[in-house]
Amino acid sequence: MKKIIALTLLTIVFSCTDNDSLQPYDKAQKAAEVNIKGYSKPDVIQMRLNGAPISISGKTSYSEKVETQVAFVLDEGETDELGIYNNQTGAQIAKYTITYDNFTDYKNLYFFNLPGIFLQTYAVKPTVNLGKVGFEFIFPNLGEFSGSSLEGVKGVLKRENGVVLAEFDNIGKKDFTAVKIYNFFSTTAPVYLELYKPGTTAPYTGSNIIKVTVKQDIGANMIVLQEKMENGIVVVKGDIDVADYL
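Below is a summary of the structure that appears in this document. (Residues numbered from 1 in each chain as written. Predicted model: local features only at pLDDT ≥ 70, side-chain atom pairs only at ≥ 80, totals over all residues. Heavy atoms only, no water.)

### Re the overall build of the protein chain
- When helices and strands are counted, the protein chain shows one helix and 15 strands.
- Put simply, the protein chain has 246 residues, and 40% of those count as buried.
- Restricting the contact set of the protein chain to residue pairs at least 6 apart, pairs at least 24 apart contribute 61%. (Helix = DSSP H or I, 4+ residues; strand = E, 2+ residues; numbered from the N terminus. Buried < 20%, exposed > 50% of the residue type's maximum accessible area, 1.4 Å probe, protein only. Contact = heavy atoms within 4.5 Å.)

Spelled out as structure tokens, the structure:
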């Protein structure tokens, strides 16, 4: 009789274990960590995780240098939203959808929020010796109006008389180029950046040479190139200098 009872109890235990294995008690989890380095001027911004404001040094709104680390736990199948908002108007500036599967893509998050443009990149103002001019370029909306599928363009910086000041083999969408430096020569004479397909002398779009007039400040210049449409024609502007804000 004892053997029968023991066998019955053992069968019950195995039966419960098998059923429970089909219904796990806890979902798989991963610890996510987002290192944020940003800059916003003149707008005051607020960052929110799933709608809840993120506090930095006790403040839930901030401007100029924005640096913090956000840590949270992600359940398998869960989606979290990290958003950047204009604190005054409440308008959303940027949104990042973070999941159990892609959270490592957001380990480091960089941005510049400037008048008329939002850059998802990190930059440090380069050191340029006295009497020198330094240029860096980035082209975040390359292809927006031209339809170009290129990920980068070649840039040739020239004086008004055609003398080459510097060449940039690859001006891309995501990162500033390395700085190129030359001797300062004028406070009024313009400089021009001609844009070509990488490794060629052919315009990166269309058939005419694309020439961008850029301001030349002594010291560092960090120019954001932007495709725009003017009177039905694609043009490229270089009006924004990130160095002015750093």
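### Regarding the pairing of strand E13 (residues 210-214)
- Side chains Ile 210, Val 212 and Val 214 of E13 all project onto a buried face; the interleaved residues Lys 211 and Thr 213 project onto a face where none is buried.
- Direction of pairing for strand E12 (residues 191-196) relative to E13: antiparallel, over a ladder of five bridges. Note that in E13 the partner of Leu 193 across the bridge is Val 212. (Pairing = 2+ DSSP bridges.)

### Considering the sheet that holds strand E10 (residues 164-172)
- Reading across the sheet, the four strands line up as E10-E9-E12-E13 and stay open at both edges, with antiparallel pairing between neighbours. Each end of this open sheet is capped by a strand with a single partner; those strands are E10 and E13. Across the sheet, the axes of successive neighbouring strands diverge by a mean angle of 25°, strand direction being ignored.
- As paired elements, strand E9 (residues 152-159) and E10 share six bridges and run antiparallel to each other. For Val 153, the partnering residue across the bridge sits in E10 and is Ile 171. (Axes fitted to C-alpha atoms, helices over the stretch in contact; angles between N-to-C directions.)

### Topic: the pattern of salt bridges
- Considering all chains together, one arrives at six salt bridges under this definition.
- The partner of Glu 230 in a salt bridge is Lys 237, with the nearest N and O atoms 3.4 Å apart. (Salt bridge = Lys/Arg side-chain N within 4 Å of Asp/Glu carboxyl O.)

### Here we look at the side chain of Thr 177
- Secondary-structure assignment places Thr 177 in the loop between E10 and strand E11 (180-183).
- Classification of Thr 177 by relative accessible area gives buried; the value is 11%.
- Not counting chain neighbours up to four residues away, the residues in contact with Thr 177 comprise Glu 136, Phe 137, Phe 168, Asn 170 and Ile 171.

### Quick notes on a nonpolar patch on the surface
- Together, Tyr 110, Tyr 122 and Val 124 give the surface a local cluster of nonpolar side chains, amounting to about 270 Å² of exposed area.
- Mapping Tyr 122 onto the fold places it in the loop between strand E7 (117-119) and strand E8 (132-138). (Patch = residues over 30% accessible without salt bridge, like charges linked within 9 Å, V, L, I, M, F, W, Y side chains within 5 Å. Areas by Shrake-Rupley, 256 points an atom, 1.4 Å probe, with all protein chains shown as cover.)

### Brief notes about the sheet that holds strand E15 (residues 233-241)
- Taken in spatial order, the four strands of this open sheet run E11-E8-E14-E15, and their pairing is mixed. Strands with a single pairing partner mark the edges of an open sheet, and in this sheet they are E11 and E15. Within the sheet, the average angular offset between the axes of one strand and its neighbour, ignoring direction, is 30°.
- The pairing of strand E14 (residues 219-230) with E15 spans seven bridges and is antiparallel. Within E15, the position partnered with Glu 230 by the bridge is Ile 233.

### Notes on the side chain of Thr 121
- Its location among the elements puts Thr 121 in the loop between E7 and E8.
- Residue class for Thr 121 comes out buried when judged on its relative accessible area of 2%.
- Dropping the residues within four chain positions of it, Thr 121 is found in contact with Tyr 110, Phe 111, Phe 112, Ile 138, Lys 174, Asp 175 and Phe 176.

### Things to note about the environment of Lys 228
- With respect to the helices, strands and loops of the structure, Lys 228 is situated in strand E14.
- Sequence spacing of Lys 228 and Glu 144 is 84 residues, and the spatial spacing of their C-alpha atoms is 8.4 Å.
- Once residues lying within four places of it in the same chain are set aside, the contact partners of Lys 228 are Phe 145, Ile 233, Val 234, Val 235 and Lys 237.

### A few points about unusual backbone geometry
- Residue Pro 42 is reached from Lys 41 by a cis peptide bond, and omega for that bond is 0°.
- Of note, Pro 42 is situated in strand E1 (residues 29-49).
- Phi at Asn 50 takes a positive value of approximately 55°, unusual for a residue other than glycine.
- We note that Ser 57 has phi near 50°; this positive angle belongs to a residue other than glycine.

### Considerations on the pairing of E8
- Burial within E8 is extensive, with six of its seven residues counted as buried.
- Alignment of E8 against E11, held across four bridges, turns out to be antiparallel. Residue pairing for E11: Phe 135 is matched across the bridge by Lys 180.
- As judged from the six bridges shared by E8 and E14, these two strands associate in the parallel manner.

Keep in mind that these numbers describe shape and distance, not what the molecule does.
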